[in-house]
Amino acid sequence: MQKKGAVMKKIISIIAIFAVFSNFSANAAEVPLANMRNKIFRECRAIQPLLKDSKDIVVLSGIWSSGAMTVSQLDAYFSMVGIFNAVDDKVFAEDPVAYLLSWLNEVKNTNAINIKSLDGITSQVKPSTKKHVEKLRGYFDVLNTVLEDELRRVSAL
């Protein structure tokens, strides 16, 4: 009888663990800002090995830096939101909301600078470098839209 109870506990535990992990996956898929952060991060990871021996080192270094800065800013925002959500009091004060809005606007401003910088690349670069520039440019365009949505969502608080 004890073996049957132990087996049932294991089965219930496995189902519970599966439910928790599948819930995390579903939540991550529903957060466009996190998805954009991950795409930019993956692009930075793809650029990083090219920094060793490319003739386009200045361009690659610049686009890698702009992507890394954006990832860092978004990570900081997620940390702030985590602290904000940890507060038991669900009556949100105006100051923390204003701070989140200010941070999102700064990310938008940095994003505008990144786009302008990418648009300013006029030198002849290798096709592989151009591919990364265009990919990041597209990600930054989408990030602008996602940031506008996030600003509206936070403003509603």
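*Asks:* Got a minute to help me understand the packing of helix H2 (residues 32-47) against helix H5 (residues 127-155) in this structure?
*Replies:* For any two helices packed against each other, one specifies the inter-axial angle together with the distance between the axes. Contact geometry of H2 with H5 gives a least axis separation of 9 Å together with a crossing angle of 160 degrees. Put simply, H2 runs roughly antiparallel to H5. Both H2 and H5 take part in a crossing whose hand is left-handed. Contact with H2, carried on its side by Pro32, Leu33, Met36, Lys39, Ile40, Glu43, Ala46 and Ile47, involves His132, Lys135, Leu136, Tyr139, Phe140, Val142, Leu143, Val146, Leu147 and Glu150 of H5 and no other residues of that element. Residue composition of the contact of H2 with H5, by class: 13 nonpolar, one polar and four charged.

*Asks:* For this particular structure, what's the right way to read helix H4 (residues 94-119)?
*Replies:* At 3.6 residues per turn, the α-helix brings residues three or four places apart onto the same side. For H4, spanning 26 residues, the distance from its first C-alpha to its last is 37 Å, which sits close to the expected 38 Å at 1.5 Å a residue. Those residues of H4 lying buried are Val97, Leu100, Leu101, Leu104, Val107, Thr110, Asn111, Asn114, Ile115 and Leu118.

*Asks:* Can you help me understand the nonpolar core in this one?
*Replies:* Buried together is how nonpolar side chains tend to be arranged in soluble globular proteins. Core analysis: the largest hydrophobic core is formed by 30 residues, its most contacted members being Leu33, Ile40, Leu136 and Leu143. Of all the elements in the fold, those that place two or more residues in this core are H2, helix H3 (57-86), H4 and H5. Looking at this core, the element that brings in the most residues is H5, giving nine residues. Excluding residues within four positions of it along the chain, Leu136 makes contact with Ile40, Glu43, Ile47, Ile63 and Leu118.

*Asks:* I would appreciate a short explanation of the environment of Ser155 in the present structure.
*Replies:* By the secondary structure assignment, Ser155 is in helix H5. C-alpha of Ser155 to C-alpha of Ala98: the two residues are 57 residues apart in sequence and 8.3 Å apart in space. Separated by 2.7 Å, the side chain of Ser155 and the backbone oxygen of Leu151 make a polar contact.

*Asks:* Got a minute to help me understand the side chain of Thr70 in this structure?
*Replies:* By secondary structure assignment, the location of Thr70 is in helix H3. Not counting residues up to four positions away in its chain, the partners in contact with Thr70 are Ile40, Asn114, Phe140 and Leu143.

*Asks:* What should I look at first to understand the pattern of salt bridges in this one?
*Replies:* Charged atoms that come close allow side chains of opposite charge to pair. If you walk through the whole model with that rule in mind, you get seven salt bridges. Across the pair Arg137 and Asp141 runs a salt bridge whose closest N-O atoms are separated by 2.3 Å. Of this pair, Arg137 and Asp141 both sit in helix H5, separated by four residues, roughly a single helical turn. Accessibility expressed as a relative area gives 22% for Arg137, which makes it partly exposed.

Reading the values: the criteria
Residues numbered from 1 in each chain as written. Predicted model: local features only at pLDDT ≥ 70, side-chain atom pairs only at ≥ 80, totals over all residues. Heavy atoms only, no water. Axes fitted to C-alpha atoms, helices over the stretch in contact; angles between N-to-C directions. Helix = DSSP H or I, 4+ residues; strand = E, 2+ residues; numbered from the N terminus. Parallel < 35°, antiparallel > 145°, perpendicular 65-115°, else oblique. Left-handed = near helix turned anticlockwise from the far one by under 90°. Contact = heavy atoms within 4.5 Å. Nonpolar A, V, L, I, M, F, W, Y, C, P; charged D, E, K, R; others polar. Expected span 1.5 Å × (residues − 1). Buried < 20%, exposed > 50% of the residue type's maximum accessible area, 1.4 Å probe, protein only. Core = buried A, V, L, I, M, F, W, Y, C linked by side-chain atoms within 4.5 Å. Polar contact = N/O pair within 3.5 Å; in protein donor to acceptor, adjacent residues only side chain to side chain. Salt bridge = Lys/Arg side-chain N within 4 Å of Asp/Glu carboxyl O.

That's the geometry; what it means functionally is another story.
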